[in-house]
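An overview of the molecular structure
Below are the chains, spelled out letter by letter.
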Amino acid sequence: TSNTMSKEIFISIANQKGGVGKSTLTTIIANLLHFEHGYTVAVVDCDSPQASTADLRDFEIKVIRNSPYFNELAAKHFKKYGKNAFQIIRSTAAEALDDAEDLLRNSDPRPDIVLFDLPGSLNTNGVITTLSQMDYIFTPMCADRLVVESTLQFVSLFNDNLITTGISKTKGLYLFWTGVDGRERTELYDVYEDIAEELNVPILKTRLADTKQYRKNIAETRKVVFRSTIFPMDKTHQKSSRIGELVNEMCGIIKG
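Throughout what follows, the structure given in this document is the object of discussion. (Residues numbered from 1 in each chain as written. Predicted model: local features only at pLDDT ≥ 70, side-chain atom pairs only at ≥ 80, totals over all residues. Heavy atoms only, no water.)

All right, on to the packing of helix 2 (residues 52–66) against helix 3 (residues 68–81) then. At a closest axis distance of 5 Å, the pairing of helix 2 and helix 3 adopts a crossing angle of 105°. In terms of axis orientation, helix 2 runs roughly perpendicular to helix 3. Listed contacts from helix 3 to Val-63, Ile-64 and Asn-66 of helix 2 are Pro-68, Phe-70, Asn-71 and Ala-74. Residue composition of the contact of helix 2 with helix 3, grouped by class: five nonpolar, two polar and no charged. (Axes fitted to C-alpha atoms, helices over the stretch in contact; angles between N-to-C directions. Helix = DSSP H or I, 4+ residues; strand = E, 2+ residues; numbered from the N terminus. Parallel < 35°, antiparallel > 145°, perpendicular 65-115°, else oblique. Contact = heavy atoms within 4.5 Å. Nonpolar A, V, L, I, M, F, W, Y, C, P; charged D, E, K, R; others polar.)

In structure tokens:
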């Protein structure tokens, strides 16, 4: 891989544990960076075979084509934001970096941020190489013992094998809590945060509320946009889930 792409920021929402909503979070974070924070964003979906971000885009295009309501809404948003939806390309973990370079070379405007949605397993061909080229890795976890143990194992493996050895160009790896239920015991979080601190891994301050509602796609609800690759995310949901705050915190880190 050539070094001509130092200006763009490569980010992955990554974890080896499935079920923490990596693809959903990738879509929503891309959406907020693109529409709310003024970045030009692209997503490389290499989480094959399910490619849920790319599939969601195809589904939404179909909905817009068949629905005067959404068609009009798309036109209205385009007028308001003056920019198209973010680009999404399908790839594999092994080809992701080359595909991202092609995308950067051939895009106008050129993306400022490229998000990579990678398979969960570190054993998948290409995952470790691609992860090592990320500028920032944000790792979601929920307060479930197995998830936390698996996550901390992922983080320490990455730190020991790639960051401290200098193989990786990663400037920062951060954990964040997701699926937080207001009624949960907070001392559980404190225990886990102490362990992460021992591993020298920072945890973002913002804890995401339980985000099952964000798995809803546009056709299921007329008025409000939850997860979408085309429409900006509804403001009240940014608030209630705290995803808006989380992305603000991420932007602070990226801008450094």
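Here we come to the side chain of Ser-12. Examined against the element boundaries, Ser-12 turns out to sit in strand 1 (residues 9–13). A residue is classified by how much of its surface remains accessible, and Ser-12, at 0% relative accessible area, is buried. Residues in contact with Ser-12, not counting those within four places in the same chain, are Phe-116, Leu-118, Leu-131, Met-134, Tyr-136, Ile-137 and Phe-138. (Buried < 20%, exposed > 50% of the residue type's maximum accessible area, 1.4 Å probe, protein only.)

So, on to the pairing of strand 1. Of all the five residues making up strand 1, five are buried; the element is thus mostly covered by neighbouring parts of the structure. The alternating pattern of strand 1 places Ile-9, Ile-11 and Ile-13 and Phe-10 and Ser-12 on opposite faces, both of which are buried. As paired strands, strand 1 and strand 4 (residues 113–117) are joined by four bridges and run parallel to one another. When the bridges of strand 4 are listed, Ser-12 appears paired with Phe-116. As defined by bridge partners, strand 1 adjoins strand 5 (residues 136–141) across three bridges and the pair is classed as parallel. The residue bridging Ile-13 from the neighbouring strand is Phe-138, located in strand 5. (Pairing = 2+ DSSP bridges.)

Below, the discussion takes up the sheet that holds strand 1. The parallel open sheet is built from six strands, whose spatial order is 3-2-4-1-5-6. Each edge of the open sheet is held by one strand with a lone partner, namely strand 3 (87–90) and strand 6 (172–177). Adjacent strand axes in the sheet meet at a mean angle of 20° when their direction is disregarded. In terms of strand pairing, strand 2 (residues 41–45) meets strand 4 through five bridges, oriented parallel. For Val-41, the partnering residue across the bridge sits in strand 4 and is Ile-113. Contacts between helix 2 and the sheet are confined to strand 2, strand 3 and strand 4, with strand 3 contributing the most and set at about 120° to the helix.

Further remarks concern empty space enclosed by the protein. Here the structure, examined in full by the defined rule, presents two cavities of 30 Å³ or more. The wall of the largest cavity is formed by Ile-13, Ala-14, Asn-15, Gln-16, Lys-22, Leu-118, Pro-119, Gly-120, Leu-122, Val-127, Leu-131 and Phe-154. Residues belonging to the lining of the largest cavity are distributed by class as follows: eight nonpolar, three polar and one charged. (1 Å grid on protein atoms, 1.4 Å probe; cavity = no way out; pocket = protein on both sides within 12 Å on 5 of 7 lines; lining within 4 Å. Points joined across faces, edges and corners; volume = space filled by probe spheres on them.)

Taken as a whole, this structure holds ten salt bridges when the rule is applied. As a salt-bridge pair, Lys-169 and Asp-135 come within 3.7 Å of each other at their nearest N and O atoms. Note that Lys-169 is positioned in the loop between helix 6 (145–163) and strand 6 and Asp-135 in the loop between helix 5 (127–132) and strand 5, a separation of 34 residues in sequence. For Lys-169, a relative accessible area of 32% puts it in the partly exposed group. A cluster of three or more residues bridged by salt bridges with shared partners is formed by Asp-55, Asp-58 and Arg-90. (Salt bridge = Lys/Arg side-chain N within 4 Å of Asp/Glu carboxyl O.)

This part is about the environment of Thr-186. Of note, Thr-186 is situated in helix 7 (residues 186–198). Taking C-alpha positions, Thr-186 is 35 Å from Cys-46, a pair spaced 140 residues apart along the chain.

Take the nonpolar core next. Counting 38 residues, the largest nonpolar core has Phe-10, Val-44, Phe-116, Leu-131 and Trp-177 as the members making the most contacts within it. Going through the elements one at a time, strand 2, helix 4 (96–106), strand 4, helix 5, strand 5, helix 6, strand 6 and helix 7 are the ones with two or more residues in this core. Examining the composition of this core, we find that seven residues originate from one element, helix 6, more than from any other. Within the second largest apolar cluster, 32 residues are counted, among which are Ile-29, Leu-115, Leu-208 and Met-233. (Core = buried A, V, L, I, M, F, W, Y, C linked by side-chain atoms within 4.5 Å.)

With that out of the way, let us pick up a negative patch on the surface. Where like charges cluster on the molecular surface, the negative patch consists of Asp-190, Asp-194, Glu-197 and Glu-198. Along the chain, Glu-197 falls in helix 7. Residue classification places Glu-197 among the exposed residues on the basis of a relative accessible area of 62%. (Patch = residues over 30% accessible without salt bridge, like charges linked within 9 Å, V, L, I, M, F, W, Y side chains within 5 Å. Areas by Shrake-Rupley, 256 points an atom, 1.4 Å probe, with all protein chains shown as cover. Lys, Arg positive; Asp, Glu negative; His and termini not counted. Charge placed at Lys NZ, Arg CZ, Asp CG, Glu CD.)

Worth remembering: the numbers are spatial, not functional.
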